[in-house]
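Architecture at a glance
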Amino acid sequence: MIRPLRRAHRFALGVLAILIPVLLVAALLARRG
Amino acid sequence: MSTAYRAVGWNRQKLRYDATIATVVFSVLAVFVLGGLVIDPNATIETLVIRACGVGALLLLHVVLAIGPLCRLDPRFLPLLYNRRHLGVTTCALALTHGVFALIQFHALGDVNPLVSVLVTSREYLSLADFPFQQLGLLALVILVLMAATSHDFWLRALSAPVWKALHMLVYPAYALVVGHVVLGALQAERGPLLPTILCAGVALVIGLHVRAAQVERRRDTNHSAGAAPAFIDVCGVDDIPECRAKTVCLAGERVAVFRYDNRISAVSNVCRHQNGPLGEGKIVGGCIVCPWHGYEYEPASGRAPAPFTERLPTFSVRLESGRVLIDPTPHPPGTYLEPARVAAADRSVVARSADARTA
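All figures in this text were calculated on a predicted structure; none of them were measured in a lab.

Rules used in this analysis
- Residues numbered from 1 in each chain as written.
- Chains lettered and ligands numbered in written order.
- Predicted model: local features only at pLDDT ≥ 70, side-chain atom pairs only at ≥ 80, totals over all residues.
- Heavy atoms only, no water.
- Helix = DSSP H or I, 4+ residues; strand = E, 2+ residues; numbered from the N terminus.
- Buried < 20%, exposed > 50% of the residue type's maximum accessible area, 1.4 Å probe, protein only.
- Contact = heavy atoms within 4.5 Å.
- Areas by Shrake-Rupley, 256 points an atom, 1.4 Å probe, with all protein chains shown as cover.
- Lys, Arg positive; Asp, Glu negative; His and termini not counted.
- Charge placed at Lys NZ, Arg CZ, Asp CG, Glu CD.
- Buried area = accessible area lost by both parts, 1.4 Å probe.
- Salt bridge = Lys/Arg side-chain N within 4 Å of Asp/Glu carboxyl O.
- Polar contact = N/O pair within 3.5 Å; in protein donor to acceptor, adjacent residues only side chain to side chain.
- Nonpolar A, V, L, I, M, F, W, Y, C, P; charged D, E, K, R; others polar.
- Pairing = 2+ DSSP bridges.
- 1 Å grid on protein atoms, 1.4 Å probe; cavity = no way out; pocket = protein on both sides within 12 Å on 5 of 7 lines; lining within 4 Å.
- Points joined across faces, edges and corners; volume = space filled by probe spheres on them.
- Domains from an automatic or database assignment.
- Patch = residues over 30% accessible without salt bridge, like charges linked within 9 Å, V, L, I, M, F, W, Y side chains within 5 Å.
- Axes fitted to C-alpha atoms, helices over the stretch in contact; angles between N-to-C directions.

Brief notes about the overall build of chain B
Within chain B, the regular secondary structure consists of 11 helices and 11 strands. Residues classed as buried in chain B amount to 45% of the 360 residues present. A separation of at least 24 residues holds for 55% of the contacts in chain B among residues at least 6 apart in sequence. Total accessible area computed for chain B in this model is approximately 18600 Å², and 65% of it derives from carbon and sulfur atoms. Both charge centroids of chain B, one from 32 positive and one from 26 negative side chains, sit 4 Å from each other.

Structural data, given as structure tokens:
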């Protein structure tokens, strides 16, 4: 980044960075069969 | 560097960049469609186009998202950043083709409007296996289209840099929606481990690169941010800055690029007025700082773009003491001329002597 990210942006990106893998694994485990 | 709307100003670099993108994209699509025909001879051409464009857009989105942190970690990736917007627009075009074909194939034959059909066909929001994944794709597509439509300097000016940047940061929620669209859609019917593994690797790569780049930048920033800010802050030694290059430091929460050129030192904001490019990673050519992203130029002492251009950067007062560079973290208004600090022979010899003393 060019200038340090604001705290809210850092928080939002952090939430996404955790949420994406969690949902990915959950959806893969929930596959039929 | 114009406020008026102009079509893309083609040059040799841009033509080569776009020719490479077109060649790679069409090759991947051709391989995917032909390979699909061999694996599944019963698949219709529409189905193969839907799959090929979907995979192409997903791959390209990963490349687009990886370029930013890669450039932060290693400047050798900077040529990829130049015209990254062309990659983004190509991603959007592939995703749009995927979406339109899917809309026609799966939603156009009923008596409900196809777009309404996407929104009402399934409402199993609490089920992972039956989640209406197409709605996630539609939302991601809306974001990608908005980004592609505003991917021009005209819109950067019209919307203002903060609004434009916020709009384009939506690429991260769009990425999350795309991953959800794929894993809750195509991968639910997929039995083999190959595709889930590739998707997991892609997600890990994108997140890993961003986290690594953030760690590196945080370490750089904290070097100069600790403690209460005195009037002038010691940021580095004179000889830490290569000739015609800069050292980037973080002062009072903002990054400052400290340039050395012709035995002079000037400090300006690190943020290019064009697209927030990192000026401290650029160099001085012909007496002007050149942004490494798109070549915008600024005079180091005044932060002003050379006439007829009008961009201006905040400047910072610089002082030299015993071979050390001291910066006042309070910025001067954009375009304020400040006499550069002169590097005397003594400044360099002091550094040399201290280095000798350390190694002795």
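Here the narrative resumes, following the displayed structure.
What to know about the overall build of chain A
A tally of helices and strands in chain A yields 1 helix and 0 strands. Split into buried and exposed, the 33 residues of chain A put 21% on the buried side.

Concerning the interface of chain A and chain B
Every contact between the two is made by 18 residues of chain A and, on the other side, 34 residues of chain B. Overall, the association of chain A and chain B removes approximately 2300 Å² of surface from exposure, summing both partners, and the carbon and sulfur fraction of that is 67%. On the surface where chain A and chain B come into contact, there are 0 salt bridges. The tally of links from chain A across to chain B stands at 1 residue pair in polar contact (both at pLDDT 80 or more). Partitioned by chemical class, the residues of the side of chain A that touches chain B number 14 nonpolar, no polar and 4 charged.

Topic: the sheet that holds strand β5 (residues 283-285) of chain B
All names here are of chain B. An order of β5-β6-β7 is seen for the 3 strands of this open sheet, with the pairing classed as antiparallel. In the strand order of this sheet, the two ends are held by β5 and β7 (297-298), each with one partner. Relative to β7, strand β6 (residues 288-290) runs antiparallel, the two being bridged by 2 bridges. Bridge pairing in β7 links Ile289 to Tyr298.

Looking at empty space enclosed by the protein
Residues and elements named next belong to chain B. Enumeration according to the criterion identifies 2 cavities of 30 Å³ or more in this entry. Estimates place the volume of the largest cavity at around 40 Å³. Ile265, Ser266, Ala267, Pro300, Ala301, Thr315, Phe316, Val318, Leu338, Glu339 and Pro340 are the residues that line the largest cavity. Elements supplying a minimum of two residues to the lining of the largest cavity: β4 (264-269) and β8 (315-316). In terms of residues, the lining of the largest cavity owes the most to one element, β4, which gives 3 residues. When its residues are assigned to classes, the lining of the largest cavity shows 8 nonpolar, 2 polar and 1 charged. One number sums up the size of the second largest cavity: a volume of about 30 Å³. Every residue along the wall of the second largest cavity is listed here: Leu156, Ala161, Trp164, Lys165, His274, Gln275 and Asn276. Looking at the lining of the second largest cavity element by element, the count peaks at 3 residues for helix α8 (residues 161-168). Counted by class, the lining of the second largest cavity contains 3 nonpolar, 3 polar and 1 charged residues. In terms of domain composition, the lining of the second largest cavity takes at least three residues from each of domain 1 (12-220) and domain 2 (233-359).

Digging into a nonpolar patch on the surface
All names here are of chain B. A surface patch of nonpolar side chains, amounting to about 380 Å² of accessible area, comprises Leu96, Val100, Phe101, Ile104 and Val145. In this structure, Leu96 sits in helix α4 (residues 84-107). Look at Leu96 and you get partly exposed, because its relative accessible area is 38%.

What to know about the sheet that holds strand β9 (residues 318-321) of chain B
Residues and elements named next belong to chain B. Spatially, the 3 strands line up as an open sheet ordered β1-β10-β9, and their pairing is antiparallel. Each edge of the open sheet carries a strand with a single partner, namely β1 (233-237) and β9. Strand after strand, the sheet turns through a mean of 35 degrees between neighbouring axes, direction not considered. Strand direction decides the pairing type here: β1 and strand β10 (residues 324-327), joined by 4 bridges, are antiparallel. Looking at β10, one finds that Cys236 is bridged to Val325.

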